[in-house]
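Close look at the chain arrangement
Single-letter residue listing:
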Amino acid sequence: TKQRHVAVLPGDGIGPEIVEEGVKVMKQAGEQFGYHFQVDFGLIGGSAVDRVQNPLPTETLQICWEADAVLLGAVGGPAWDKNPPELRPEKALLRLRKELGLFANLRPAKLFSGLEQSSTLKAEVLEGVDLLVVRELTGGIYFGEKRREQTERGEKATDTLVYQDYEVERILRRAFEWARNRRKKVTSVDKANVLESSRLWRQVAERVAGEYPDVKLDHMLVDNCAMQIIHRPTDFDVIVTENMFGDILSDEAAILTGSIGLLPSASIGEGNRGLYEPVHGSAPGIAGEGVANPVATILSVAMMFRHSFGDEQAARAIEAAVTCVLNQGARTMDLAAPGDLALSTDQFGDRVIEELKQQQPDP
Ligand code: NAD
Ligand code: IPM
Ligand code: MN
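Source: prediction; values computed, not measured. (Residues numbered from 1 in each chain as written. Chains lettered and ligands numbered in written order. Predicted model: local features only at pLDDT ≥ 70, side-chain atom pairs only at ≥ 80, totals over all residues.)

With that settled, the discussion passes to the overall build of the protein chain. Counting its secondary structure elements, the protein chain contains twelve helices and twelve strands. For the protein chain, the C-alpha radius of gyration of 20 Å lies close to 21 Å, the compact-globule estimate for 363 residues. Considered along the principal axes of its C-alpha atoms, the protein chain spans approximately 60 × 50 × 45 Å. The proportion of buried residues among the 363 residues of the protein chain is 49%. Long-range pairs, those at least 24 residues apart, make up 75% of the contacts in the protein chain with a sequence separation of at least 6. (Helix = DSSP H or I, 4+ residues; strand = E, 2+ residues; numbered from the N terminus. Rg over C-alpha atoms; globule rule 2.2 N^0.38 Å. Buried ≥ 20, exposed ≤ 12 C-beta atoms within 10 Å, placed from the backbone. Contact = placed C-beta atoms within 7 Å.)

Now the structure itself:
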């Protein structure tokens, strides 16, 4: 059996509910595909602030360092929104990504057939949607200098958008490499008509593109991209972009699939260690009701098998199980038509487990 060490950080809001389903699926897949997991739970976010006055306790960081992979639910919520910056739940997530060097965030958005009706967009626009947002995750305006000061005109707040060429280069390389396994098309999204950091981004993208002559590179301004992504979504294969643009465009891309409750993510760096989390947040409005869609988290577990354990077969088995359950018409509340019966978070998870059991490893 393969020994793997996984840190599990449920976090806040719906985090614990969806992570429970993710862990269930991880353990079932582990059993079928020959893994023995050591699972360590850690505190993160607002729940960690409440317990130990620190959104990212040292112990949590430690178990993540020791782990092969981290599975995270979500952090944040209204209870902590007035906290000082260092005691905000979101700060923990940013620090964790930075400390682990996870500069590449993969956010695939693929349409499951049958879910066109769950989207507010027209079915014919969505037909064949399959794109990958490659979001730079440890630089840009999220990590530049921040400042507050008093001036004669009142208060002043500053955030700084900084990129170095090496940061742009390494994320572009990842985008080109992933594009090679897909439809060989990279759209680099920036705001080069205004931002100096975007002009550097474009230059570096052009240079890196020279090393990948088999992949087509286009540039697109982010405002246009925000429109094109819902106008002609099937034109996109890989979208590579800076931290904040990637954050915004990936939530927008969720609507191409029907719900943000479906979008998984993987955050990786130089090694195999990765952080796996849904794209969505802690959804405080539905927390504690057992109605959240666990698919984004379950598909993040599939990405964990693929990217951290190099196990394409187990990843595909999980994805196939989710596809089967959706094909059977099972829906959580976010996807159900008004008036239709929706499954609870754990009922949906149980259905995935049943289908996963039918997926056998190749002899
Ligand atoms: P959100 O993603 O939590 O919710 C947006 C909308 O989507 C809400 O209507 C919510 O009910 C719905 N939704 C989200 N996930 C769902 C799921 N699995 N199933 C069904 N419906 C789902 O975004 P928000 O409301 O802007 O943010 C809420 C909190 O989450 C904030 O504190 C924010 O900072 C935090 N947040 C955390 C992460 C993270 O931990 N990675 C990501 C985004 C937002
Ligand atoms: C995400 C979230 C985070 C981000 C927040 C909670 C810091 O929105 O993972 O998409 O902006 O990166
Ligand atoms: Mn986001």
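Taking 1.5 Å per residue as the helical rise, helix H9 (residues 243–257) with its 15 residues ought to reach 21 Å, and the 22 Å between its terminal C-alpha atoms agrees with that figure. Among all positions of H9, only Asn 243, Phe 245, Gly 246, Leu 249, Ser 250, Ala 253, Leu 256 and Thr 257 are buried. Against the buried residues of H9 lie strand S4 (104–110), helix H5 (123–126), strand S5 (130–136), strand S8 (185–190), helix H8 (222–231) and strand S10 (238–241). (Expected span 1.5 Å × (residues − 1).)

Looking at the protein chain, the domain boundaries give domain 1 (1–106 + 262–363) and domain 2 (120–257). Centre-to-centre separation of domain 1 and domain 2, based on C-alpha positions: 24 Å. In this assembly, twelve residues from domain 1 lie in contact with 17 residues from domain 2. Looking at the side of domain 1 that touches domain 2, the elements with two or more residues in it are helix H4 (89–99) and S4. Residues that form the side of domain 1 that touches domain 2 fall into these classes: eight nonpolar, two polar and two charged. (Domains from an automatic or database assignment. Nonpolar A, V, L, I, M, F, W, Y, C, P; charged D, E, K, R; others polar.)

Attention shifts here to the UniProt feature "binding site: Mg(2+)" (unreviewed entry) in the protein chain. Here the UniProt feature "binding site: Mg(2+)" (unreviewed entry) sits at Asp 223, Asp 247 and Asp 251. Residue position: Asp 223 is located in helix H8. For Asp 223, a count of 13 C-beta atoms within 10 Å translates into the label partly exposed. Looking at where Asp 247 falls in the secondary structure, it is placed in helix H9. You can call Asp 247 partly exposed: it has 18 C-beta atoms within 10 Å. (UniProt positions renumbered as here; feature names shortened; annotations may be inferred.)

For the rest of this paragraph, the subject is the sheet that holds S8. Judged by pairing direction, the sheet is mixed, and its ten strands sit side by side in the order S2-S1-S3-S12-S11-S4-S5-S10-S8-S9 without closing on themselves. Looking at which strands have only one partner, the edges of the open sheet turn out to be strand S2 (35–41) and strand S9 (216–221). Between one strand and the next, the sheet's axes are offset by a mean angle of 25°, whatever the strand orientation. As defined by bridge partners, strand S11 (residues 264–268) adjoins strand S12 (residues 274–278) across five bridges and the pair is classed as antiparallel. The partner of Ile 268 across the bridge, within S12, is Gly 274. Against the sheet, helix H10 (residues 295–307) contacts strand S3 (69–74), S11 and S12, and its axis sits at roughly 160° relative to S12. (Pairing = 2+ DSSP bridges. Axes fitted to C-alpha atoms, helices over the stretch in contact; angles between N-to-C directions.)

Before going further, it helps to examine the site of ligand 2. Around ligand 2 sit Gly 76, Glu 90, Leu 93, Leu 94, Asp 247, Val 279 and Gly 281, and those are all the residues in its vicinity. At three residues, the largest contribution of residues to the shell around ligand 2 is made by H4. Its residues placed into classes, the shell around ligand 2 shows three nonpolar, two polar and two charged. (Near = placed C-beta within 6 Å.)

As a further point, take the nonpolar core. Residues Val 70, Leu 71, Val 134 and Ile 318 are the most contacted members of the largest nonpolar core, which totals 102 residues. With nine residues, the single largest contributor to this core is H10. Counting contributing residues per domain, this core is built from domain 1 (1–106 + 262–363) and domain 2 (120–257), each supplying no fewer than three. Here Val 134 is in contact with Ala 104, Leu 106, Ile 171, Arg 174, Ala 175, Trp 178, Val 238, Ile 239 and Val 240, once residues within four sequence places are set aside. (Core = buried A, V, L, I, M, F, W, Y, C linked by C-beta atoms within 7 Å.)

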